[in-house]
Number of protein chains: 2
Amino acid sequence: MKNDLVLRAARGENIERYPVWLMRQAGRILPEYRAVRASLSGFKELVETPERAAEVTIQPVDLLGVDAAIIFSDILVVPEAMGLTYEMVEKRGPFFPNTIKSESDFEKYAQVDFDIEDRLGYVLEAIKITNKELDGRVPLIGFAGAPWTIFCYMIEGQGSKTFSKARKFLYTQPEMAHDLLNRIAEVTVRYLKAQIKAGAHMVQIFDSWAGILGNAQYRTFGLKYIEKIAEQITEVPVTIFAKGAYAAVNDMVDSPCNTIGLDWNMDVVNIRKLVGETKTLQGNLDPCALYASHSEIERLTNNLLDSFESKRHIVNLGHGVYPDIDPEKVKTFIKTVKNYEI
Amino acid sequence: MKNDLVLRAARGENIERYPVWLMRQAGRILPEYRAVRASLSGFKELVETPERAAEVTIQPVDLLGVDAAIIFSDILVVPEAMGLTYEMVEKRGPFFPNTIKSESDFEKYAQVDFDIEDRLGYVLEAIKITNKELDGRVPLIGFAGAPWTIFCYMIEGQGSKTFSKARKFLYTQPEMAHDLLNRIAEVTVRYLKAQIKAGAHMVQIFDSWAGILGNAQYRTFGLKYIEKIAEQITEVPVTIFAKGAYAAVNDMVDSPCNTIGLDWNMDVVNIRKLVGETKTLQGNLDPCALYASHSEIERLTNNLLDSFESKRHIVNLGHGVYPDIDPEKVKTFIKTVKNYEI
């Protein structure tokens, strides 16, 4: 590996400078991505076509100079593999024509007895092609959604401000909720292990809807299942990104992960005090900061880096980069990180 | 006033039991509300027809036995009065055909030089009718949106997961953002004072989108303007409800308000330690808890009440009651609070 900064930072080894990458770096911010996307029927065709998925995965390495690639895919490939097909509706997001209403739906829509290679082989193939083309330039990150977030989609069928249907289940059918979360966790472990076998050098678990649960419920229905997954992934470094789980960060100190991803509202200084040198932190510039001028982006990025009290840090935004951000602004962010002396 | 428990709790005076009311108690949970709503052309007609607004305001007092009424209205009447008309789109929420794109839009869409009675007289009239019909049974709460939340709608034009357009403004046009927030705050002070003059016995400021800003930005663009309003409202007790502003609760300890509203993810015990006996806390049962069985609702409510270390508490949900909650479940919640010995 020519540039293994991200891996060394994740393991708490020495680094010469902070590594940097961006969530959603392979995506709509790049005109080169939009060109590939326009040549296909839609988002799902891109996800399911390994050669093209690999191509857009590598674009930000070539064009932006990030220190890691993250495989172009979607967290919803897992519920789909379990039997719940989704559609990606332009401007509205994902939509599942069917949802899970009771345990009797499990056989059809929450399957576990299938071969990962059979149903998610296209992701594994994309990982292999990407690594071949990357040729060791930077590490490749694999990922999956956290069971709670996948559960939300399987119950709710689409995005929601409150995910009240999913949360209702926790009060009315807690046992069924645990059964379903267990099923998702089981499949996710096998899926992540398959990604690692195919060539992923580290993995990240995204819990996009962590923030809609109170702390006690998040511990029971959220973090517990992430930890169940993470403790089985011993091959490569694991990152947990639980967006909005402000209180749960305290609990993550003891989680079996290398890196805690921080959203832009989380307080790096306080969280560093909590974790000491036991964890790497990842994040957390406000994605909206990239709307500012180049000089302001430099200032804000340097401010963030100045606040680190440890070298165990992977620089990123606190959320996926917004699609209307000018790639030149992203480059300023990346350049500022690369020029920063630690 | 026959039952002034809410007011006494807000002022930190002695109470015999905890008072209880629910955000969105006047609304779709009640079949009686839906009947009134169905007899009119839509949500806005209801908001703008004082007799009917008063009627649905009083329904939960009669039907559920809450300890306070809150005037039936919407936070978006303020931007509308300032020149930005909104539509309430079924199942999608509010939509503003026009939005503020630059300071040159201020004259048309961010007006301040108008008479509150002229443009928002229907709310004041509804308050007067409500009080007459309530005849001192319980206090009537007035309210307004916080400047940051109103700003979000004026810039974004509709709900959003990220409110990235509104947040972009904070980075690209901070001075214009402050100008607009000042304008909203100025109108809001006059609006709340008019509500109080019309008969509101206390007021609540709702900052629904507080949680999308990091702590430093929320202090600068959010809390600052709430405090600016609150310090000018000296006539009646003031409640601040800044949903999702987890870090900002620390800053609110010194805010010129009587009561801090807590969402269901906020930690009552820790926040009580922070504020001591200087503030009343309001909240914060998870609204989804009302999907549970009657006995489970009792247990969860008693657990919450057991966690209070002070009598300075107004019991509520941590968010508006969800429209598909069975009113009988709400009654169980209310009865449990009323039966609790303090």
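A short tour of the structure in this document, coming up. Keep in mind that this is a model prediction, so the values were computed, not measured.

## Things to note about the pairing of strand S5 (residues 202-207) of chain B
Residues and elements named next belong to chain B.
Argument step 1. Most of S5 is tucked away, with six of its six residues classed as buried.
Argument step 2. Going residue by residue along S5, you find Met-202, Gln-204 and Phe-206 tucked away on one face and Val-203, Ile-205 and Asp-207 tucked away on the opposite face as well.
Argument step 3. Examined bridge by bridge, strand S4 (residues 140-145) and S5 share five bridges and lie parallel to one another. Each residue of the ladder has a partner; that of Ile-141, found in S5, is Met-202.
Argument step 4. Strand direction decides the pairing type here: S5 and strand S6 (residues 238-242), joined by five bridges, are parallel. Of the residues in S6, the one forming a bridge with Asp-207 is Ala-242.
Argument step 5. Tracing the backbone out of S5, into helix H11 (residues 215-230) and back to the parallel element S6 gives a crossover that is right-handed.

## Some words on the interface of chain A and chain B
Argument step 1. Opposite the 19 residues of chain A that make contact, chain B presents 19 residues.
Argument step 2. At five residues, helix H9 (residues 164-172) of chain A tops the list of elements feeding residues into the side of chain A that touches chain B.
Argument step 3. Considered class by class, the residues forming the side of chain A that touches chain B number nine nonpolar, five polar and five charged.

## With respect to the environment of Ile-342 of chain A
All names here are of chain A.
Argument step 1. With respect to the helices and strands, the residue Ile-342 is situated in the segment after helix H15 (327-339).
Argument step 2. Among the residues examined, Ile-342 registers 10 C-beta atoms within 10 Å and is labelled exposed.
Argument step 3. Between the alpha carbons of Ile-342 and Asp-306 there is a distance of 9.2 Å; along the sequence they are 36 residues apart.
Argument step 4. When residues no more than four places from it in sequence are discounted, the contact partners of Ile-342 are Arg-17, Tyr-18 and Lys-311.

## With respect to the environment of Lys-243 of chain B
Residues and elements named next belong to chain B.
Argument step 1. Counting through the fold element by element, Lys-243 comes out in the loop between S6 and helix H12 (249-252).
Argument step 2. In this structure the C-alpha to C-alpha distance between Lys-243 and Arg-11, which are 232 residues apart in sequence, comes to 22 Å.
Argument step 3. Aside from chain neighbours lying at most four places away, what touches Lys-243 is Asp-207, Ser-208, Ala-210, Gly-211, Asp-263 and His-319.

## So, the sheet that holds strand S8 (residues 280-285) of chain A
In any sheet, the strands associate via hydrogen bonds between backbone groups, in a parallel or an antiparallel arrangement.
Residues and elements named next belong to chain A.
Argument step 1. Ordered by their spatial adjacency, seven strands build an open sheet running S1-S4-S5-S6-S7-S8-S9, and the pairing between neighbours is parallel. Each end of this open sheet is capped by a strand with a single partner; those strands are strand S1 (69-70) and strand S9 (313-317).
Argument step 2. Two elements, strand S6 (residues 238-242) and strand S7 (residues 259-261), share three bridges in a ladder whose sense is parallel. Looking at the pairing, Thr-239 lines up with Thr-259 of S7.
Argument step 3. Together, S1 and strand S4 (140-145) form the strand contacts of helix H7 (residues 116-134), whose direction differs from that of S4 by roughly 160 degrees.

## Considerations on unusual backbone geometry
Residue and element names in this part refer to chain A.
Argument step 1. Cis peptide bonds are those with omega within 30 degrees of zero, and the linkage from Gly-283 to Asn-284 qualifies with -10 degrees.
Argument step 2. Following the sequence through the fold, Asn-284 ends up in strand S8.
Argument step 3. Phi is positive for Arg-24, which is not a glycine, with a value near 65 degrees.
Argument step 4. Here Arg-24 lies in the loop between helix H1 (5-11) and helix H2 (31-38).
Argument step 5. Positive phi, normally seen in glycine, also occurs at Lys-91, with a value near 70 degrees.
Argument step 6. Within the element layout of this structure, Lys-91 appears in the loop between strand S2 (87-89) and strand S3 (93-95).

Rules and cut-offs
- Residues numbered from 1 in each chain as written.
- Chains lettered and ligands numbered in written order.
- Predicted model: local features only at pLDDT ≥ 70, side-chain atom pairs only at ≥ 80, totals over all residues.
- Buried ≥ 20, exposed ≤ 12 C-beta atoms within 10 Å, placed from the backbone.
- Helix = DSSP H or I, 4+ residues; strand = E, 2+ residues; numbered from the N terminus.
- Pairing = 2+ DSSP bridges.
- Right-handed = clockwise from strand over helix to strand, strands pointing away.
- Contact = placed C-beta atoms within 7 Å.
- Nonpolar A, V, L, I, M, F, W, Y, C, P; charged D, E, K, R; others polar.
- Axes fitted to C-alpha atoms, helices over the stretch in contact; angles between N-to-C directions.

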